[in-house]
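Residues per chain, in single letters:
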Amino acid sequence: MPLPIRGYKEITYPDYADAALAASRGNFPGGWETFGGVYKKTMAKLDETEENGARHRLLGWPNIIQNNMTQECELVSRGHFRGNTWDGILEADRLTARQTSLEAWRLPFQLDSFEKGDLSLDFGDCGSIYYYIRTEDLTARRFDRVWLIRQCY
């Protein structure tokens, strides 16, 4: 069954942890001290205007349900199997992966659970699937190198 789609431009923002990492590197006007208050006010304003429902994305920042996924992509691509725990992965490896992952990985596509007529897609408990790709692979259009991650409530 074909489904109509409607696309529109929107500004997307990183979640708090990702934005805080960038701010801690000195990439935030006014410095780290003003980051928390500005971020919370900005997100509250966006929440007032945001539509309810599925949040499919083509590029931009993801709507994260559980936690940052770029670090997971970086660790797995380095040969670490994360599973459900960080056990066995050295703190230094986790820190290095976290610091480089925001610039190294991009979200080309996010698909949320949704229902439309007789069609229902459910990724866990009202979850989403996220595709991630290294920035250089996206630029070179090497879409055979994407990672899929599922998160749900």
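Q: Would you mind showing me how to read the overall build of the protein here?
A: A tally of regular secondary structure across the protein gives 5 helices and 6 strands. Listing every helix and strand of the protein by position from the N terminus yields α-α-β-α-α-β-β-β-β-α-β. Classification of the 153 residues of the protein by burial places 32% in the buried group. A total of about 10400 Å² of accessible surface is found on the protein, and carbon and sulfur atoms cover 54% of it.

Q: Just to check I follow, could you spell out helix α3 (residues 70-77) for this structure?
A: An α-helix turns once per 3.6 residues; consequently, residues spaced three or four apart project the same way. Counting buried positions along α3 gives 6 out of 8 residues, so the element sits mostly inside the fold. Residues Thr70, Gln71, Glu72, Cys73, Glu74 and Leu75 constitute the buried set of α3. Buried residues in α3 make contact with α4 (91-104), β2 (105-112), β5 (128-134) and β6 (147-151). After α3 finishes, the residue Gly79 shows a positive phi value of roughly 100°.

Q: How do you make sense of the environment of Arg55 when you look at a structure like this?
A: Within the secondary structure layout, Arg55 lies in the loop between α2 (32-49) and β1 (57-58). Along the sequence, Arg55 and Ser113 sit 58 residues apart, while their C-alpha atoms lie 8.8 Å from each other.

Q: Explain the nonpolar core to me, please; I cannot follow it from the model alone.
A: If you look at soluble globular proteins, the nonpolar side chains tend to sit buried side by side. Counting 8 residues, the largest nonpolar core consists of Met69, Cys73, Ala104, Trp105, Leu107, Tyr130, Tyr132 and Ile149. Taken together, the elements giving at least two residues each to this core come down to β2 and β5. Apart from the residues lying within four places of it in its own chain, the contact partners of Cys73 are Trp105, Tyr132, Trp147 and Ile149.

Q: Explain the sheet that holds β5 to me, please; I cannot follow it from the model alone.
A: Whether parallel or antiparallel, the strands of a sheet pair through hydrogen bonds between backbone atoms. Strand order across the open sheet formed by 4 strands is β1-β2-β5-β6, with antiparallel pairing between neighbours. Each edge of the sheet is formed by a strand with only one pairing partner; in this case those strands are β1 and β6. As judged from the 6 bridges shared by β2 and β5, these two strands associate in the antiparallel manner. The residue bridging Phe109 from the neighbouring strand is Tyr131, located in β5. The strands touched by α3 are β2, β5 and β6; relative to β6, the strand with the most contacts, the crossing angle is about 135°. Relative to β2, α4 is tilted by about 75°, and along the sheet it contacts β2 and β5.

Q: What is the right way to read the pairing of β5 from this model?
A: The two faces of a sheet get side chains in turn, since along a regular strand they alternate between them. For β5, the tally of buried residues reaches 5 of 7 residues, placing the bulk of the element in the interior. Sheet topology places β5 next to β6; 5 bridges connect them, and they run antiparallel. When the bridges of β6 are listed, Tyr132 appears paired with Trp147.

Parameters and conventions
Residues numbered from 1 in each chain as written. Predicted model: local features only at pLDDT ≥ 70, side-chain atom pairs only at ≥ 80, totals over all residues. Heavy atoms only, no water. Helix = DSSP H or I, 4+ residues; strand = E, 2+ residues; numbered from the N terminus. Buried < 20%, exposed > 50% of the residue type's maximum accessible area, 1.4 Å probe, protein only. Areas by Shrake-Rupley, 256 points an atom, 1.4 Å probe, with all protein chains shown as cover. Contact = heavy atoms within 4.5 Å. Core = buried A, V, L, I, M, F, W, Y, C linked by side-chain atoms within 4.5 Å. Pairing = 2+ DSSP bridges. Axes fitted to C-alpha atoms, helices over the stretch in contact; angles between N-to-C directions.

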